[in-house]
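Chains, contacts and geometry: an overview
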Amino acid sequence: MLKTTIIGYPRVGSQRELKFWTEDYFKGNILTETLKAHAADLRKKQWQFQRQKGVDLIPSNDFSFYDGMLDTIFLLGAIPQAYKDLGLGKLDTYFAMAHGYQGKNGDVRALSMRKWFNTNYHYMVPELDDNSDITVSSRKPFEEYSEALEIGIKTKPVLVGPFTFLMLADYKGNKHKSDYVSDIVKAYKNIFNEFKLLGCDWIQLDEPSLVTDLDKDDIDLFILIYKELLLSKGDLKILLQTYFGDIRDVYDKVISLPFDGIGLDFVEGKKTMGLILKYGFPKDTMLFAGIINGKNIWRNNYTKTLSIMHELKGYILTENIIISSSCSLLHVPYTIENEASMEEKYKRYFAFAQEKLEELSDLSSLLIDANYNENNIYKTNAALIESKMINMDIELRKKVSALTKNDFIRKPAFEERKNIQEEALHLPVLPVTTIGSFPQTPDVKALRAKLKKNEITFKDYKALIKKKIADCIALQEDIGLNVLVHGEYERNDMVEYFGENLNGFLFTQNAWVQSYGTRCVKPPIIWGDIRRNKPITVEYIAYAQSLTSKPVKGMLTGPVTILNWSFPREDISNREMAFQIALALKEEAADLESEGIRIIQIDEAALKEKLPLRRSDWHSDYLDWAIPAFRLVHCSVKPSTQIHTHMCYSEFNDIINEIDEMDADVISFEAARSHYSIVDVLAKAKFKTAVGPGVYDIHSPRVPTNEEIKSAILLMLKKISPKKLWVNPDCGLKTRGEKETNKSLRNMVAAANSIRNNIR
Ligand code: GLN
Ligand code: ZN
């Protein structure tokens, strides 16, 4: 048998227990000690479970109350002074960094949060300033190691590595990365020593930053840290763990350093195998081979995996291989066993975290079986994988493969249709609109809950939603907005709603994945070919339009966002899936048009989400189909139909031209939180598309004043022609309250009106 391990396990609990305990703690319903005891029980249960499933090297310190990076900030004592000054207890200081703090001890914002590489997980960003004093300041990793030892499990403690920590930190003072090297190396040496005293064998240092594009300074930093650090490892075995790609920029350096183990990703690491074949692998080092996909939820294809592993023969001795997940299992749900209402015919195809442990154990025996072809475990898997491929919508596949260049080009070109639209829509300069959703008040949520429980009929539900829409239109007329929306009351979630109304998606009940802290998401699964079999949004939007003479925007979620916020298939390409979704949405757009809808907004909130980590892959692996997928949705609408899109961020400096090439007529995006810095970027890029950088931040209940909004608009007008500027909030209003929304929107309209009068 080959030895097995995983990089990390999910930690919120299979029923999201940790989330609920933590929220109880925030509300003051349970004591610190109770929360800690619950967490200790959860860890123990998970370790025992992994042991029972046969995992050889079980990770510890992969648990977190909020986030592993935040734990590392704590471990290294890199707590910014403002949080220390609050004088709170340890756990509360920790949560203050996560959430911010407002109370009798002071008022401090939260640390920033950023996307963890190419996942939908978010980490808390370390902030280092010239006073940061990096020293080991928490006992968490050691305590968790001892805790597991008490139940007889010698774990492999997991730590964010020093290189990745420094690469991901924000530097607030004059000091930069390399100025922290000696302190951080000292701290990790101390950590090594502590673990040695505890009798620990292996420790895992996570260095996912190694899979990103590294320049010479970065590489030097990596070498500087590890050359020094590895001098004091003694008997402790150090595993350099990488994931989310291959380490092409440093592979040759890595294999010449005295690591005891190197963890490589064979799932996302396109060049991992090539690197081993080219440079070899040190003979006394253990390879931790990431062969089980830690990000997706499909059963492993044993034929494929075995062939990868067999390719390594001759390069690495089998006994020097430990098989592992490609990344932490944090990014997948707990278990398919929690899906009581999913039919068995579907369930068999899925491997969530728990089932992945079983796959590791299967592969560990198949890998040493010379006749694995005859092995029942193998045969069952091969038959399963093959059976999945049969489900195919031939007609749709043909349609996708018959697409030609012209299917992606909207005619006439932007400038020409701009004039046509101006005549058709008669909008004032600085048109004022919103992003789509209006507050999802408790009554709206209750309505959906009732429908789910069959307490009201669909007919009654629809009537009540329409009543909300009618109120919403009346309100918008009263406020004086120029382009209206229907309010999106019928939608629980912008992706789920479309998924539920398209063929090809599967939904789960409990397949939660941590997004950040206590927040979890439940992505739909793309099961089969995607097709629209009935109009989705048309009835509500047409109804909304029937109530007003002002244009109401038809509101669609774009193909790339639907794809990026779902678990994708692995048997067809992302491009194929995106085009299938796009064709479905194209039909929807056509139906909206024929119902008299003059503006259609295709939201691409998550367009940037899966932009590859390496710049050289941006086009070939992503943008080359993602941008066309968007264009496919709208390219055959009438010239007079105005296409809008919306994005939930504004940092697109690097792909600004590609965004323009989506060939929308208007784009709105977040801007308020990034101090409208996007305005300069747009000006510099000579952005063609008309724009609506959000004039106020909807992520806070604060009501912006008329003056504030006015100065935001004036600031934008310095760089953007009034003919191209729209006025809108920076995202949907669904999480906001009705009162504040009403006031904010009135201020926004007043601000736009007063400026408009001066322009004329
Ligand atoms: N139209 C959506 C809304 O207003 C957009 C949401 C989003 O960007 N996340 O809610
Ligand atoms: Zn948004």
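Above this note sits the structure.
Values in this document were obtained by computation on a predicted structure and should not be read as measured data.

1. Regarding the sheet that holds strand β21 (residues 642–647)
Ordered by their spatial adjacency, five strands build an open sheet running β19-β20-β21-β22-β23, and the pairing between neighbours is parallel. Strands with a single pairing partner mark the edges of an open sheet, and in this sheet they are β19 (553–557) and β23 (690–693). Neighbour-to-neighbour, the strand axes of the sheet open up by a mean angle of 20 degrees, direction not taken into account. Note that strand β22 (residues 666–669) and β23 share four bridges and pair parallel. Considered in β23, the bridge of V666 is made with A690. The strands touched by helix α23 (residues 574–594) within the sheet are β19 and β20 (599–603), with β19 carrying the most contacts at an inclination of about 170 degrees.

2. Here's the deal with the packing of aromatic side chains
All told, the structure shown has 32 aromatic pairs when counted by the stated rule. Ring centres of Y25 and F26 lie 6.5 Å apart, and the angle between their planes is 55 degrees; on these two criteria the pair is classed as tilted. Of the residues examined, Y25 reaches a relative accessible area of 10% and is grouped as buried. Overall, the relative accessible area of 34% leaves F26 in the partly exposed class. Here the aromatic rings of F74 and Y94 are separated by 5.5 Å at their centres, their planes lie at 75 degrees, and the arrangement is edge-to-face.

3. Re the site of ligand 1
Close contacts around ligand 1 come from I435, G436, S437, E488, M494, D603, A605, H646, C648, C731 and G732, and that covers them all. I435 has a polar backbone atom sitting 3.2 Å from a nitrogen atom of ligand 1. Note that a nitrogen atom of ligand 1 is positioned 2.8 Å from one of the side-chain N or O atoms of E488. Its residues assigned to classes, the shell around ligand 1 comprises five nonpolar, four polar and two charged.

4. Considerations on the pattern of salt bridges
As enumerated under the stated definition, the model contains 50 salt bridges in all. Among the salt bridges present, the one from K140 reaches D71, with a minimum N-O distance of 3.7 Å. Here K140, found in helix α6 (residues 140–150), pairs with D71, found in helix α3 (residues 68–75); they are 69 residues apart in sequence, far enough to count as distant. By relative accessible area, K140 is classed as buried at 16%. Residue D71 is classed as buried on the basis of its relative accessible area, which comes to 11%. When the shortest N-O distance is used, the salt bridge between D246 and R248 registers 2.8 Å. With relative accessibility at 2%, the residue D246 sits in the buried group.

What counts and how
- Counting of residues starts from 1 at the beginning of each chain's written sequence and follows it residue by residue.
- Chain letters and ligand numbers both follow the written order, the letters beginning at A and the numbers at 1.
- Only residues with pLDDT of 70 or above have their local features reported here, since the model is predicted, and side-chain atom pairs are shown and tallied only from 80 upward, although totals for entire chains, interfaces and linings are computed over all residues.
- Hydrogens are left out, water is left out, and the side-chain values use all remaining heavy atoms of the structure.
- Strand pairing requires that DSSP identify at least two bridges connecting the strands.
- The numbering of helices and of strands both runs from the N terminus, where a helix is a DSSP run of H or I of at least 4 residues and a strand a run of E of at least 2.
- All axes here are fitted lines through C-alpha atoms, helices being fitted over the stretch that makes contact, and every angle between N-to-C directions spans 0 to 180 degrees.
- A contact between two residues is defined here by any heavy atoms of the two lying within 4.5 Å.
- Stacked, tilted and edge-to-face are the three classes assigned to paired rings of Phe, Tyr and Trp, where Trp is represented by its six-membered ring and a pair needs centres within 6.5 Å; plane angles under 30 degrees give stacked, over 60 edge-to-face, the rest tilted.
- We call a residue buried when its accessible area falls under 20% of the maximum for its residue type, exposed when it is over 50%, and partly exposed in between, using a 1.4 Å probe and counting protein chains only.
- The criterion for a residue being near a molecule or strand is simple. One of its heavy atoms has to lie within 4 Å of it.
- Polar contact is defined as a pair of N or O atoms within 3.5 Å, subject to the rule that within protein one atom must be able to donate a hydrogen and the other to accept it, and that residues adjacent in sequence are counted only when both atoms are side-chain atoms.
- Gly counts as polar in this scheme, as do all residues outside two lists: the nonpolar Ala, Val, Leu, Ile, Met, Phe, Trp, Tyr, Cys and Pro, and the charged Asp, Glu, Lys and Arg.
- Just to be clear on terms, a salt bridge is a Lys or Arg side-chain nitrogen sitting within 4 Å of an Asp or Glu carboxyl oxygen.

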